[in-house]
Amino acid sequence: MNNFTHWNEEGRPKMVDISAKEITTRTAIARSTILLSDAVYEAIQQGGIKKGDPTQVAQIAGIMGAKKTADIIPMCHPIMLQGTDFQFDYEKAENGYELHIQATVKCSGKTGVEMEALTAVSVAALTFYDMCKAVDKMMVIKETYLVEKTGGKSGTFVHK
């Protein structure tokens, strides 16, 4: 167990000590995709979602999710986020549409914001589903992944 960073000498979970790490500017971009029917897409375009604009509500929920990441992911450090932004892009698919949800999260700190970005897009996707499920429950939340991260000791990562 001594090779694992999140386990102490007794083999019990611990939060990693980041006190000696350098403060650097850190960013992370994550993406999630939802497959939705033509009916859901048309209802959104025509303002027919009774709960309101699903992307606006999903964006607010995603920001809240990023801010609460340390509350739901046990080994994450609470981070003072300095920015969280979203992009929502619809793309015609073979059957229906794909909605690509992308979040960019930024901070200056001693640990990265990858989990905050991934949580942000996950919460946004779940919220979008909740907003649109009255029209069609067959939506599928597809891949969710880290697109890019910068800063810190490990430097830049770009998903290939």
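Our structure is the block above this text.
A short tour of the structure in this document, coming up. As the structure is a computational prediction, the values presented were derived from the model and not from experiment.

Notes on the sheet that holds strand β2 (residues 83–92)
Pairing within the open sheet is antiparallel, and its 5 strands lie in the order β2-β3-β1-β4-β5. The sheet terminates laterally at β2 and β5 (157–158), the two strands that pair on one side only. Pairing analysis gives 2 bridges linking strand β4 (residues 140–150) to β5, with the strands arranged antiparallel. Each bridged residue has a counterpart across the sheet, and for K149 the counterpart in β5 is F157.

Details of the state of the cysteines
For the structure shown, the criterion picks out 0 disulfides. As a non-bridged cysteine, C76 has C107 as the owner of its nearest cysteine sulfur, 12 Å distant. According to the relative accessible area criterion, C76 is buried, its value standing at 12%. Its relative accessible area of 1% is what places C107 among the buried residues.

What about the layout of surface pockets?
Of the voids in this model, the largest pocket is the one considered here, and its volume is about 450 Å³. Element by element, the count of residues in the lining of the largest pocket is highest for helix α4 (residues 114–132), at 3 residues. Among the residues forming the lining of the largest pocket, the class breakdown is 6 nonpolar, 8 polar and 6 charged.

Brief notes about the packing of aromatic side chains
In this structure the tally under the stated criterion is 3 aromatic pairs. Between Y41 and Y90, the aromatic rings sit 5.2 Å apart at their centres with planes inclined by 75°, giving edge-to-face as the arrangement. Of this pair, Y41 sits in helix α1 (residues 38–45) while Y90 sits in strand β2; the two residues are 49 residues apart in sequence, bridging distant segments of the chain. The exposure class of Y90 is partly exposed, given its relative accessible area of 28%. Their ring planes at 15° and their centres at 5.9 Å tell us that F86 and F88 sit as a pair that is stacked. Comparing F86 with F88 shows no difference in burial state: the two are buried. Through successive ring pairs, a cluster of aromatic residues spans Y41, Y90 and Y97. Directly above the ring of Y97 sits K92, whose terminal nitrogen or CZ lies 4.7 Å from the centroid.

As for the pairing of strand β3 (residues 97–109)
When you tally the buried positions in β3, you get 10 out of 13 residues, the bulk of the element. Here strand β1 (residues 24–36) runs beside β3; their pairing, made up of 13 bridges, is antiparallel. The residue of β3 that forms the bridge with T24 is G109. Here β2 pairs with β3 via 10 bridges, running antiparallel. If you follow F86 over to β3, its bridge partner there is A103.

Description of the pattern of salt bridges
This structure, assessed with the given rule, holds 5 salt bridges. Put simply, D130 and K51 hold a salt bridge, and the shortest N to O gap is 3.3 Å. Remark: K51 occurs in the loop between α1 and α2 (54–67) and D130 occurs in helix α4; sequence separation between them is 79 residues. Here D130 falls in the partly exposed class, since its relative accessible area comes to 30%. Ionic pairing is found between E98 and K142, a salt bridge with its closest N-O pair at 2.5 Å. Of this pair, E98 sits in strand β3 while K142 is found in strand β4, placing the two residues 44 residues apart along the sequence. In this structure E98 comes out as buried when scored by relative accessible area, which is 16%. Given a relative accessible area of 30%, K142 falls into the partly exposed group.

Cut-off values and rules
Sequence order as written defines residue numbering, which begins from 1 separately in each chain. A pLDDT threshold of at least 70 governs which residues receive local features in this predicted model, and a stricter bar of 80 or more applies before side-chain atom pairs are shown or counted, although totals over entire chains, interfaces and linings include all residues. In computing side-chain properties, one takes all heavy atoms of the structure into account and sets aside hydrogens as well as water. Whether two strands pair comes down to DSSP finding at least two bridges between them. Where helices and strands are cited, they refer to DSSP runs of H or I of at least four residues and of E of at least two residues respectively, numbered from the N terminus. Two cysteine sulfur atoms form a disulfide, by the criterion used here, when they sit within 2.5 Å. When a residue's accessible area, from a 1.4 Å probe over protein chains only, is under 20% of the maximum for its type it is buried; when over 50% it is exposed; and in between it is partly exposed. The rule is simple: put a 1 Å grid over the protein atoms alone, call a set of points where a 1.4 Å probe fits but cannot get out a cavity, call an open set with protein on both sides within 12 Å along at least five of seven lines a pocket, and count a residue as lining if it has an atom within 4 Å of a point. Grid points are joined across faces, edges and corners, and a volume is the space filled by probe spheres set on the points. Residues are sorted three ways: Asp, Glu, Lys and Arg are charged, Ala, Val, Leu, Ile, Met, Phe, Trp, Tyr, Cys and Pro are nonpolar, and all the rest, Gly among them, are polar. Pairs were defined over the aromatic rings of Phe, Tyr and Trp, the Trp ring being its six-membered one, requiring ring centres within 6.5 Å. Orientation was assigned from the angle between planes: stacked under 30 degrees, edge-to-face over 60, tilted for the rest. In this analysis the charged atom, NZ for Lys or CZ for Arg, is taken to sit over a ring once it is within 6 Å of the ring centre and within 35 degrees of the ring normal. Salt bridge, as used here: a side-chain nitrogen of Lys or Arg that lies within 4 Å of a carboxyl oxygen of Asp or Glu.

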